Amino acid sequence: MKRLLILVVFLLSLSFGYDIYLRAGVSAEPVKKTIASGSQAASVPTATNTPPSPTSTPPPTDTPVPLVLPPSVPSSSGQYKDGTYTGSTADAYYGYIQVQAVIRGGRLTDVKFLQYPSDHSTSVFINTQAMPMLRSEALQAQSANVDIVSGASDSSVAFQKSLSSALAKAQNS
């Protein structure tokens, strides 16, 4: 009986804590994508402790600040030798990822997944969502410098490594 009472109190305290957490304005929605790509960095304004001058208007509160990244500018003359290049196999924790880069006209035109984690249903679910996003971003960026997909960070890093090695083989020297 004592264990049951302790369990009930514990569950009620968890429920109460979660309710407070949600009322505090913290979103319970999952994050779709994080920005953590190679050398790209974005500056986000930070608050200062200096009071505003009497002539300035204070900034509005609770207004989201847009995060703007500089656009990637691919080389128009083509930075790669035409051909099909296979990247190295990279560990994605629950399996391995290996991609093949297709170069036409000096540009990355396709990325094919030769190998990816597919032994577990969770891996299949994660990778069927992440792979098209990673492929699309690589084609747009014309490089392996792509954003990491939230929930698929191991696969994202392995994709970056494999594609990077394929593109290194395709570099014009």
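Here the structure is shown first, and the text comes after it.
Since this is a predicted model, take the numbers as computed values, not measurements.

Analysis parameters
Residues numbered from 1 in each chain as written. Predicted model: local features only at pLDDT ≥ 70, side-chain atom pairs only at ≥ 80, totals over all residues. Heavy atoms only, no water. Helix = DSSP H or I, 4+ residues; strand = E, 2+ residues; numbered from the N terminus. Buried < 20%, exposed > 50% of the residue type's maximum accessible area, 1.4 Å probe, protein only. Contact = heavy atoms within 4.5 Å. Areas by Shrake-Rupley, 256 points an atom, 1.4 Å probe, with all protein chains shown as cover. Expected span 1.5 Å × (residues − 1). Bend = angle between axes of the 7 residues up to and from the residue. Patch = residues over 30% accessible without salt bridge, like charges linked within 9 Å, V, L, I, M, F, W, Y side chains within 5 Å. Salt bridge = Lys/Arg side-chain N within 4 Å of Asp/Glu carboxyl O. Pairing = 2+ DSSP bridges.

A.B. asks: Would you take a moment to explain the overall build of the chain for this structure?
C.D. replies: Across its full length, the chain holds 3 helices and 4 strands. For the chain, the sequential pattern of α-helices and β-strands runs α-β-β-β-β-α-α. Relative to its 173 residues, the chain shows a buried fraction of 28%. In the chain, once contacts between residues fewer than 6 apart in sequence are set aside, the share between residues at least 24 apart is 56%. Carbon together with sulfur atoms contributes 59% to the accessible area of the chain, which is approximately 12,000 Å² in total.

A.B. asks: Just checking my understanding: could you explain helix α2 (residues 121–141) for this structure?
C.D. replies: For an α-helix the count is 3.6 residues per turn, leaving residues at separations of three or four pointing the same way. Taking 1.5 Å per residue, 21 residues should reach 30 Å; α2 reaches 30 Å between its end C-alpha atoms and fits that length. Within α2, the axis deviates most sharply at Asn 127, by approximately 30°. Elements that come into contact with the buried residues of α2 comprise β4 (107–115) and α3 (153–170). Once α2 finishes, Gln 142 follows within two positions and takes phi at roughly 60°, a positive value.

A.B. asks: Would you mind going over the side chain of Gln 98 with me for this structure?
C.D. replies: You can see Gln 98 is positioned in strand β3 (residues 96–104). Of the residues examined, Gln 98 reaches a relative accessible area of 17% and is grouped as buried. Every residue in contact with Gln 98, bar those within four places of it in the chain, is listed here: Thr 86, Gly 87, Ser 88, Thr 89, Lys 112, Phe 113, Leu 114, Gln 115 and Ser 162.

A.B. asks: What should I look at first to understand unusual backbone geometry in this one?
C.D. replies: A negative phi angle is the norm for most residues apart from glycine, just as the trans form is the norm for most peptide bonds. Unlike most non-glycine residues, Tyr 93 shows phi in positive territory, near 70°. Examined against the element boundaries, Tyr 93 turns out to sit in the loop between β2 (90–91) and β3.

A.B. asks: Even after reading the chapter, I still don't get the environment of Ser 153, so can you show me in this structure?
C.D. replies: Here Ser 153 lies in helix α3. Ser 153 gets classed as partly exposed once you look at its relative accessible area, which sits at 39%. Here the alpha-carbon distance between Ser 153 and Ile 126, two residues 27 residues apart in the chain, equals 10.0 Å.

A.B. asks: Explain α3 to me, please; I cannot follow it from the model alone.
C.D. replies: The terminal C-alpha atoms of α3, which comprises 18 residues, lie 26 Å apart, in line with the 26 Å expected from a rise of 1.5 Å per residue. Every buried residue of α3 is accounted for by Ser 155, Ser 156, Ala 158, Phe 159, Gln 160, Ser 162, Leu 163, Ala 166, Leu 167 and Ala 170. Buried positions along α3 lie against β1 (83–86), β2, β3, β4 and α2.

A.B. asks: Just checking my understanding: could you explain a nonpolar patch on the surface for this structure?
C.D. replies: A cluster of nonpolar side chains, contributed by Met 1, Leu 4, Leu 7, Val 8, Phe 10, Leu 11, Leu 12 and Leu 14, occupies part of the molecular surface with about 860 Å² of accessible area. Looking at the element boundaries, Leu 11 is found in helix α1 (residues 2–23). The partly exposed category is assigned to Leu 11, whose relative accessible area is 48%.

A.B. asks: I would appreciate a short explanation of the pairing of β1 in the present structure.
C.D. replies: Two faces make up the sheet, and in a regular strand the side chains alternate between them. Every second residue of β1 is oriented toward a common face, the buried set being Gly 83 and Tyr 85 and the non-buried set Thr 84 and Thr 86. Bridging between β1 and β3 involves 4 bridges; their strand directions are antiparallel. Following the sheet pairing, Thr 86 is matched in β3 by Gln 100.

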